Amino acid sequence: MAELRNIVVLTGAGISAESGIDTFRDAGGLWEKHRVEDVATPQGYERDPALVQRFYDARREAVQKVAPNPAHEALARLDREWEGGLLIVTQNVDDLHERAGASRVVHMHGELLSALCPICERRHHWTGPLIDRPECPSCEARSLRPDVVWFGEMPYQMDRIYAALRSAHLFVSIGTSGAVYPAAGFVSDARELGVKTLELNLERSEGSHWFHESRQGPAGKLVPEWVEELLGTG
């Protein structure tokens with residue numbers, strides 16, 4: 001523990017599933033209900049923007065009705081009490097990390113409660129629907145779209161994420177499938193850099209073989225236990 005200072009934590013759909021947010025790849029998940037090509041690609045948005053807006057309007061409404069769970073709260077505690085470097089990189093587009101109290105968070109796939117104007121490239125906090133094409137508060141164009149990264153688009157803040165990985169002593173992956181790149185490649189990048197790696201997941205992910213240690217169980221149990229262990233209070 002004395003050699004640990006800088007930590008990068010990657011979180012995926014599994015950490016928010018315990019708050020009642022649908023995952024993508026599990027049985028009954030979002031990709032069984034909707035084709036990825038229809039609701040999560042620029043081409044799908046160009047073909048049928050109303051379908052895409054309805055999909056994200058429903059998710060934006062739903063996310064505001066759920067609450068952070070013990071896993072989010074444990075990471076928020078780590079954010080408050082860890083004196084070293086910490087970056088929580090989330091693939092999730094919900095705001096549950098922030099609502100739990102974490103501030104050192106990067107949303108690499110964007111945020112549901114944000115709207116992006118492709119005309120002026122401004123972002124605005126947004127809690128209501130976009131289906132009715134409201135005006136952009138900055139330029140008044142009726143072009144607002146969900147501020148989420150679709151397949152084929154570049155994830156946000158990759159330079160910051162890779163810089164954090166290069167200076168990390170520990171990389172922890174929580175609730176991820178290990179199937180979506182570039183996030184799925186972070187663990188192999190970390191291993192090549194000599195970083196210790198830990199997986200906390202409901203079951204072994206596709207990339208489990210890359211981790212020095214893999215623990216299976218609910219995030220709401222594993223993450224608080226790990227934070228207690230790390231902070232030396234367990």
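Residues numbered from 1 in each chain as written. Predicted model: local features only at pLDDT ≥ 70, side-chain atom pairs only at ≥ 80, totals over all residues. Heavy atoms only, no water.

> Where do I start with the side chain of asparagine 69 in this structure?
Looking at where asparagine 69 falls in the secondary structure, it is placed in the loop between α5 (49-63) and α6 (70-81). By relative accessible area, which is 5% here, asparagine 69 ends up buried. One polar contact links the side chain of asparagine 69 to the main-chain carbonyl oxygen of isoleucine 15, over a distance of 2.8 Å. Residues within four places of asparagine 69 in sequence aside, it is in contact with Ile15, Ser16, Glu18 and Ser19. (Helix = DSSP H or I, 4+ residues; strand = E, 2+ residues; numbered from the N terminus. Buried < 20%, exposed > 50% of the residue type's maximum accessible area, 1.4 Å probe, protein only. Polar contact = N/O pair within 3.5 Å; in protein donor to acceptor, adjacent residues only side chain to side chain. Contact = heavy atoms within 4.5 Å.)

> How should I be thinking about the sheet that holds strand β4 (residues 110-116) in this particular structure?
Adjacent strands of a sheet form backbone hydrogen bonds with each other and so pair up, either parallel or antiparallel. Strand order in the open sheet formed by three strands is β5-β4-β6, and the pairing between neighbours is antiparallel. Bordering the open sheet on either side are β5 (123-125) and β6 (145-148), each of which pairs with just one other strand. Put simply, the sheet's adjacent strands are angled 50° from each other on average, direction ignored. The strands touched by α5 are β4 and β6; relative to β4, the strand with the most contacts, the crossing angle is about 125°. (Pairing = 2+ DSSP bridges. Axes fitted to C-alpha atoms, helices over the stretch in contact; angles between N-to-C directions.)

> So what exactly am I meant to see when it comes to the UniProt feature "binding site: substrate" (unreviewed entry) in the protein here?
Under the UniProt annotation, the feature "binding site: substrate" (unreviewed entry) is placed at Tyr56 and Arg59. For tyrosine 56, the location among the structural elements is in helix α5. What tyrosine 56 contacts, discounting residues up to four positions off in sequence, is Val39, Ala40, Leu112, Pro146, Val148 and Trp150. Arginine 59 gets classed as buried once you look at its relative accessible area, which sits at 15%. (UniProt positions renumbered as here; feature names shortened; annotations may be inferred.)

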